[in-house]
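Descriptive structure summary
Here are the chains, one letter per residue:
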Amino acid sequence: MTSADLAPTASTADDPAAVLDNAAWHSLAGPHAHFAIGGDLVRRYPEDVAPFVAVRTWDEPEVWDALRDLVGPGAEVGLSGYEGEIPDGWEFLGGGEGVQLVETAALQPRPFEEAIELDAGDAAEMMAIVERNQPGPFRPRTHELGRYIGIRRGGRLVAMAGERLHPTGWTEISAVAVDEDHRRQGLASRLVLDVAFHIQQRGDRAMMHAAATNVGAIAAYERLGFAHRRVNRFAAIRTPA
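The present account deals with the structure reproduced in this document. (Residues numbered from 1 in each chain as written. Predicted model: local features only at pLDDT ≥ 70, side-chain atom pairs only at ≥ 80, totals over all residues. Heavy atoms only, no water.)

**A short note on the overall build of the chain**
A count of helices and strands for the chain gives 5 helices and 12 strands. The C-alpha radius of gyration of the chain comes to 18 Å, within 12% of the 18 Å expected for a compact globule of 241 residues. Scored against the burial criterion, the 241 residues of the chain give a buried share of 51%. Here the contacts in the chain between residues at least 6 apart in sequence split such that 69% fall between residues at least 24 apart. A total of about 11100 Å² of accessible surface is found on the chain, and carbon and sulfur atoms cover 48% of it. Counting 23 positive and 35 negative side-chain charges, the chain places the averaged centre of each group 6 Å from the other. (Helix = DSSP H or I, 4+ residues; strand = E, 2+ residues; numbered from the N terminus. Rg over C-alpha atoms; globule rule 2.2 N^0.38 Å. Buried < 20%, exposed > 50% of the residue type's maximum accessible area, 1.4 Å probe, protein only. Contact = heavy atoms within 4.5 Å. Areas by Shrake-Rupley, 256 points an atom, 1.4 Å probe, with all protein chains shown as cover. Lys, Arg positive; Asp, Glu negative; His and termini not counted. Charge placed at Lys NZ, Arg CZ, Asp CG, Glu CD.)

Here it is, written out as structure tokens:
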């Protein structure tokens, strides 16, 4: 499945956080432009990098044709933030809600000495820990989107976190995963704080996304110093065959 984001509702000049209203588009049109496939209306990451497709604006009548041309006929697409009617021939498959969180002054990032940086040589293990813990979409080359770190115990990767979407001025902390037999040790929090530390060192601010139903994770991130910014509504649809 792919995911497309709604265009921002505020001027980024007036509100630097407005890019977060359409984080995938501003990533692909900004710091992640070298990954972008598509044109002026719709862009996507390579499928082995990330499942996200971004729509610049829904106000252009041609956007639906551009979306279908990019992902192909009979493809499943996730529309983040879109609540209007879908065109004839497109199929609605379901929907849900997510929560976007942003750092506040209460966040106190710091390095985690035990964390190791992960790279292409660790890709298979990264995919495996995601499969075991299901923190969200992760592909074989997702690690190329930013800095990923992990914890090894007995030679095994048991915890991980890293950077995903990168709209200008912001970096998303994502893929926070800890194996069940290593939970309740504070590993997730310490990894998040380490990732946030390096994000701030670059001059960016940290943000996160979580499923609205994942109330435990949301509460944990709020305790670390993140605050709820907005609800992202999403709908899964299928393009015409």
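**Structural notes on helix 2 (residues 63-71)**
Taken as a whole, helix 2 has its buried residues at Val63, Trp64, Leu67 and Val71. The buried residues of helix 2 occupy an angular sector of 100° when projected down its axis, which confines them to one face. Residues of helix 2 that are exposed and angled more than 90 degrees away from the buried face: Asp65 and Asp69. Where helix 2 is buried, its residues contact strand 3 (42-44), strand 4 (53-55), strand 5 (76-80) and strand 12 (226-238). At the exit of helix 2 stands Gly72, carrying a positive phi of roughly 95°. (Arc of directions from axis to C-beta.)

**Here we look at the nonpolar core**
Counting 28 residues, the largest nonpolar core has Ile173, Leu191, Val192, Tyr221 and Phe226 as its most contacted members. Secondary structure elements with two or more residues in this core: strand 6 (91-103), strand 8 (148-153), strand 9 (156-163), strand 10 (170-178), helix 4 (187-201), strand 11 (205-211) and helix 5 (215-224). For this core, the leading source of residues is helix 4, giving 7 residues. Excluding its chain neighbours within four sequence positions, the residues that come into contact with Ile173 are Gly162, Val192, Val195, Ala196, Ile199, Ala206, Met207, Met208 and Phe226. Of all hydrophobic cores here, the second largest spans 18 residues; its members include Ala17, Leu20, Ala23 and Met207. (Core = buried A, V, L, I, M, F, W, Y, C linked by side-chain atoms within 4.5 Å.)

**Focus: the sheet that holds strand 3**
Spatially, the 3 strands line up as an open sheet ordered 2-3-4, and their pairing is antiparallel. The open sheet has two free edges, formed respectively by strand 2 (37-38) and strand 4, since each of these has just one partner strand. The sheet contact formed by strand 2 and strand 3 spans 2 bridges and is antiparallel. Within strand 3, the residue paired with Ile37 across the bridge is Arg44. (Pairing = 2+ DSSP bridges.)

**Focus on unusual backbone geometry**
Here the phi dihedral of Gln134 falls at roughly 55°; this positive angle occurs in a residue that is not glycine. For Gln134, the location among the structural elements is in the loop between helix 3 (123-133) and strand 8. The backbone phi angle of Ala175 is positive, close to 55°, even though this residue is not glycine. Residue classification places Ala175 among the buried positions, given a relative accessible area of 7%.

**A closer look at helix 4**
A rise of 1.5 Å per residue sets the reference length of helix 4, with its 15 residues, at 21 Å; its end C-alpha atoms lie 21 Å apart and thus fit the reference within 8%. The complete set of buried residues in helix 4 reads Leu187, Leu191, Val192, Leu193, Asp194, Val195, Ala196 and Ile199. Next to the buried residues of helix 4 lie strand 8, strand 9, strand 10, strand 11, helix 5 and strand 12. Positive phi shows up at Gly203, right after helix 4, with a value of about 95°. (Expected span 1.5 Å × (residues − 1).)

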